[in-house]
Amino acid sequence: MRVEDFDYQLPPELIAQHPAEQRDQSRLLVVERHGSKLEHRRFHQVVEYLRPGDALVVNDSRVIRARLTGTKTTGGKVEVFLLTQVGPGCWEVLVRPGKRVPPGAKIRFGPELEARVVEKTGAGGRVVEFSWNGDWDRVLESVGEVPLPPYIRAPVPDPERYQTVYAKEPGSVAAPTAGLHFTPELLRTVEEHGVRVVQLTLHVGPGTFRPVTVSHVDQHVMHGEHYRVTPQAATVLNQVRESGGRWWAVGTTVTRTLETITGPDRRATARSGWTTLFIYPGHDFKAVDALITNFHLPRSTLLMLVSAFAGRDTVMRAYQEAVAQRYRFYSFGDAMLLI
């Protein structure tokens, strides 16, 4: 299967530049995976498709302030973008301008934070070692900025709108955006409906959004992302499965995690580690029964995952309908339910 099979035309004005005024008032395109029916709803109506005994699985990762602006000790401003933690105090980062930041260079981000460049990793990448005073999370909150995707050009007055309402585990460099539509009130309604809300963690890394540069899908290699599923979460998931309930994945990150920790017997195992699972058409789904997701970029691994779940033709037809009906696309855009 070729990467160009996952291309589509999107008018630029449909790329959402700001979040919906109310999270759960975004639009929802409901797609039957094994039929031809499409429904146009509002997101808060998603509860009508859940059944008592189902599990709604969410990713509680929190976006860190991964964009840092500092000054080299020899002079000159430098932007550092955190990618992946590779050791205690050590991160793989992108540096701009990279040519001016060789190994050994030191960068100050304020009185409490400094970094030393350890090595190059190619394409503007570096490994840097940080030193700081006090608590790392507090220091990062004080000097960093929440990174927004490059296609969002408008300022976001409230950075919390790029966080889910249940985000608590710092570590992502981009939001698990399918969860942005939930409000505390909607989650309470879901639970009152008899649905178990299960939290797991997958820290979204840069690999999820890196462009696919190969011509054939199966040649692409995914960047690893760290996940954690607790014994309590696995127990609840298995109880739901045993009682005949469905697993609803809120987003592609949850989907990758569930498919990573679920065996051929369709039971979940509590564990943590790094997943490089690349889901594209032909994948044998063992875990996920329904998927809530946003609308993704053309030729992206996220669009390939959604196409694997519902079928490429079904997904591309749904995207054509979403464009025709002027849905809002990408991170701050509307949502789709595949069921």
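Anything mentioned here points back to the structure above.
Residues numbered from 1 in each chain as written. Predicted model: local features only at pLDDT ≥ 70, side-chain atom pairs only at ≥ 80, totals over all residues. Heavy atoms only, no water.

*Asks:* Can you explain empty space enclosed by the protein? Please cite residues and give values.
*Replies:* To find the voids left in a structure, one rolls a probe of water-molecule size over its atoms. All chains considered together, the criterion is met by two cavities of 30 Å³ or more. Roughly 100 Å³ of volume is contained in the largest cavity. In terms of lining, the largest cavity is formed by 13 residues, of which the most central are Pro19, Ala20, Leu180, His181 and Phe332. The space that makes up the second largest cavity amounts to roughly 40 Å³. Together, Met222, Arg256, Leu277, Phe278, Ile279, Thr301, Leu302 and Leu305 line the second largest cavity. The dominant element in the lining of the second largest cavity, judged by the number of residues it contributes, is helix α5 (residues 301-310), at three residues. In terms of residue class, the lining of the second largest cavity is made up of six nonpolar, one polar and one charged. (1 Å grid on protein atoms, 1.4 Å probe; cavity = no way out; pocket = protein on both sides within 12 Å on 5 of 7 lines; lining within 4 Å. Points joined across faces, edges and corners; volume = space filled by probe spheres on them. Helix = DSSP H or I, 4+ residues; strand = E, 2+ residues; numbered from the N terminus. Nonpolar A, V, L, I, M, F, W, Y, C, P; charged D, E, K, R; others polar.)

*Asks:* With reference to specific residues and values, describe the sheet that holds strand β17 (residues 335-338).
*Replies:* With mixed pairing, nine strands are arranged side by side in an open sheet as β2-β1-β17-β16-β14-β3-β12-β13-β15. Each having just a single partner strand, β2 (38-42) and β15 (271-275) make up the two edges of the open sheet. The mean inter-strand angle of the sheet, taken between neighbouring strand axes irrespective of direction, is 25 degrees. The pairing of strand β1 (residues 27-31) with β2 spans five bridges and is classified as antiparallel. Among the inter-strand pairings, Val31 is bridged to a residue of β2, identified as Leu38. (Pairing = 2+ DSSP bridges. Axes fitted to C-alpha atoms, helices over the stretch in contact; angles between N-to-C directions.)

*Asks:* So what about helix α6 (residues 312-324)? Which residues, and what values?
*Replies:* In this model α6 runs 18 Å from its N-terminal to its C-terminal C-alpha over 13 residues, within 8% of the 18 Å that 1.5 Å per residue would give. Of all the residues in α6, the buried ones are Thr314, Val315, Met316, Ala318, Tyr319, Ala322 and Val323. Close packing links the buried residues of α6 with β1, β2, β16 (290-294), α5 and β17. One or two residues past the end of α6 sits Arg326, with phi positive at roughly 65 degrees. (Expected span 1.5 Å × (residues − 1). Buried < 20%, exposed > 50% of the residue type's maximum accessible area, 1.4 Å probe, protein only. Contact = heavy atoms within 4.5 Å.)

*Asks:* Just give me the short version of the sheet that holds strand β5 (residues 67-72), but keep the residues and values in it.
*Replies:* The antiparallel closed barrel is built from six strands, whose spatial order is β5-β6-β7-β10-β9-β8. The sheet shows a mean angle of 45 degrees between the axes of neighbouring strands, direction not considered. Direction of pairing for β5 relative to strand β8 (residues 106-110): antiparallel, over a ladder of two bridges. Pairing of Lys72 across the sheet is with Ile107, part of β8.

*Asks:* Lay out the pattern of salt bridges in plain terms, naming residues and giving numbers.
*Replies:* Considering all chains together, one arrives at 20 salt bridges under this definition. Here Arg228 ties to Glu169 by a salt bridge, and the two come within 3.7 Å at their closest N and O atoms. Note that Arg228 is positioned in strand β13 (residues 225-229) and Glu169 in strand β11 (residues 169-172), a separation of 59 residues in sequence. On the basis of relative accessible area, Glu169 is assigned to the partly exposed category, the value being 26%. (Salt bridge = Lys/Arg side-chain N within 4 Å of Asp/Glu carboxyl O.)

*Asks:* Account for the side chain of His220, with residues named and values stated.
*Replies:* Here His220 lies in the loop between β12 (196-202) and β13. Setting aside anything within four residues of it in sequence, one finds His220 in contact with Pro211, Val212, Val214, Phe278 and Thr301.

*Asks:* Residues and numbers for the layout of surface pockets, please.
*Replies:* The volume enclosed by the second largest pocket comes to roughly 450 Å³. Taken together, 23 residues line the second largest pocket, and the ones lying closest to its centre are Gln85, Trp91, Pro170, Gly171 and His203. When contributions to the lining of the second largest pocket are tallied by element, the ones reaching two or more residues are β6 (77-87), α1 (136-143), β11 and β13. Tallied by class, residues from the lining of the second largest pocket come to 11 nonpolar, nine polar and three charged.

*Asks:* Provide a residue-level description of the packing of aromatic side chains, including the pertinent values.
*Replies:* All chains considered together, the criterion is met by 16 aromatic pairs. Geometrically, the ring pair formed by Phe295 and Tyr327 is edge-to-face, given 5.8 Å between the ring centres and 70 degrees between the ring planes. One end of the pair, Phe295, is in the loop between β16 and α5; the other, Tyr327, is in the loop between α6 and β17, with 32 residues separating them in the sequence. Aromatic side chains Tyr319 and Phe329 sit 5.9 Å apart centroid to centroid with 75 degrees between the ring planes, which places their arrangement in the edge-to-face category. With a gap of 10 residues between them, Tyr319 in helix α6 and Phe329 in the loop between α6 and β17 connect regions that are remote in the sequence. The two residues Tyr319 and Phe329 agree in class, both being buried. Through successive ring pairs, a cluster of aromatic residues spans Tyr8, Tyr151, Phe295, Tyr319, Tyr327, Phe329 and Tyr330. In this structure, Arg33 packs its charged tip against the face of Phe309, placed 3.9 Å from the ring centre. (Phe/Tyr/Trp six-rings, centres within 6.5 Å; stacked < 30°, edge-to-face > 60°. Lys NZ or Arg CZ within 6 Å of the ring centre and 35° of its normal.)

*Asks:* Requested: an account of the nonpolar core, with residues and values cited.
*Replies:* Formed by 66 residues in total, the largest nonpolar core has its most connected members in Leu258, Phe329 and Met336. Residue contributions to this core peak at seven residues, all from α5. Setting aside residues no more than four positions away along its own chain, Phe329 makes contact with Tyr8, Leu10, Leu14, Ile15, Ala16, Phe295, Tyr319, Ala322 and Val323. If you look at the next biggest cluster of nonpolar residues, it comprises 24 residues, including Val78, Val93, Leu113 and Val128. (Core = buried A, V, L, I, M, F, W, Y, C linked by side-chain atoms within 4.5 Å.)

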